[in-house]
Every structure is written in C-alpha cells, then in structure tokens.
Amino acid sequence: MCDMSNVTRMTRRVPALGPGKKDDERGGGTNTGLITKTRPKTKKPSLYRVLLLNDDYTPMEFVVWILQRFFNKNQDDALQIMLHVHQNGVGVCGVYSYEVAESKVTEVLDAARQNQHPLQCTMEKE
C-alpha cells in the first residue's frame, strides 16, 4: 500500500456556469478539480567509449604516453591497454559523456599528427 502522508493535494473551486450566465458572473457551483504538478523525468546522458586503433607505425612508447597524458592512466595500466591494442587491433581508453569523449579523441589525434604518427582514435556509443 502506498503511503500518501507526504503528498500535498491542492484544490481550487471552479465556478459553475449555468445556461444564460456570462463568464464574469460567479456561479454557486461546487465543482472542484485536482491540480497536480508534474516534474519532467531526467535521462542520464549516453556514454561513449574512446578507442585506440592499432597501426604498424606508431611506437608503443608513444601510445603509452598518450594513455598517461590524456587518459590519466598509470604506467602499468597504460602498458596493459597498449598491449591489448597491439594484440587485438583496438582497445578502450575510457568511457565518457559525448562532449568529453569527443574532446579526448581530438586531443589524441592532434598529438599524433604533431608527432607525425598515424595513430587513430575513435569513439562509439556504449
């Protein structure tokens, strides 16, 4: 059974209009209505995985540096992710909201280009 002790109900009187009465004449009716206030349901934002793709040219040390610099990974975690990318062709760097994931991808691609590496980074919806 639902506990209704914390529910606040508001009612207001609505004037009843009979035949031939104008809107501005107050009727003696007792019609009541229930006014409820609804709150919009908030939805959690979608999350996106940031992925590194393996290539045959980007040095492993550079990939480890990327993971430490842009994804705040420690040396051991960065090494494990780099090896996963190397062995499986792709690896997850982190999971973020759309805006953060997009920013991370851009940062990684910019750093790779500045250092003349063909490293690819993408994002996909989780």
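Cut-off values and rules
Residues numbered from 1 in each chain as written. Predicted model: local features only at pLDDT ≥ 70, side-chain atom pairs only at ≥ 80, totals over all residues. Heavy atoms only, no water. Helix = DSSP H or I, 4+ residues; strand = E, 2+ residues; numbered from the N terminus. Expected span 1.5 Å × (residues − 1). Buried < 20%, exposed > 50% of the residue type's maximum accessible area, 1.4 Å probe, protein only. Contact = heavy atoms within 4.5 Å. Pairing = 2+ DSSP bridges. Axes fitted to C-alpha atoms, helices over the stretch in contact; angles between N-to-C directions.

Moving on, we get to helix 1 (residues 60-71). Helix length check: helix 1 (12 residues) gives 16 Å between terminal C-alpha atoms against 16 Å at 1.5 Å per residue, within 8%. Within the sequence span of helix 1, burial applies to F62, V63, V64, I66, L67, F70 and F71. Contacts made by the buried residues of helix 1 are with strand 3 (47-53), helix 2 (75-88), strand 4 (90-97) and helix 3 (98-114).

What follows deals with the sheet that holds strand 4. Taken in spatial order, the three strands line up as 4-3-5 in an open sheet, and their pairing is antiparallel. Every interior strand has two partners, whereas the edge strands, strand 4 and strand 5 (120-125), have only one. On average, adjacent strands in this sheet sit at an angle of 25 degrees to one another, irrespective of strand direction. Where strand 3 meets strand 4, seven bridges bridge the pair, whose relative direction is antiparallel. Bridge pairing in strand 4 places L51 opposite V92. In the packing of helix 2 onto the sheet, contacts are made with strand 3 and strand 4, and the angle to strand 4 comes to roughly 125 degrees.

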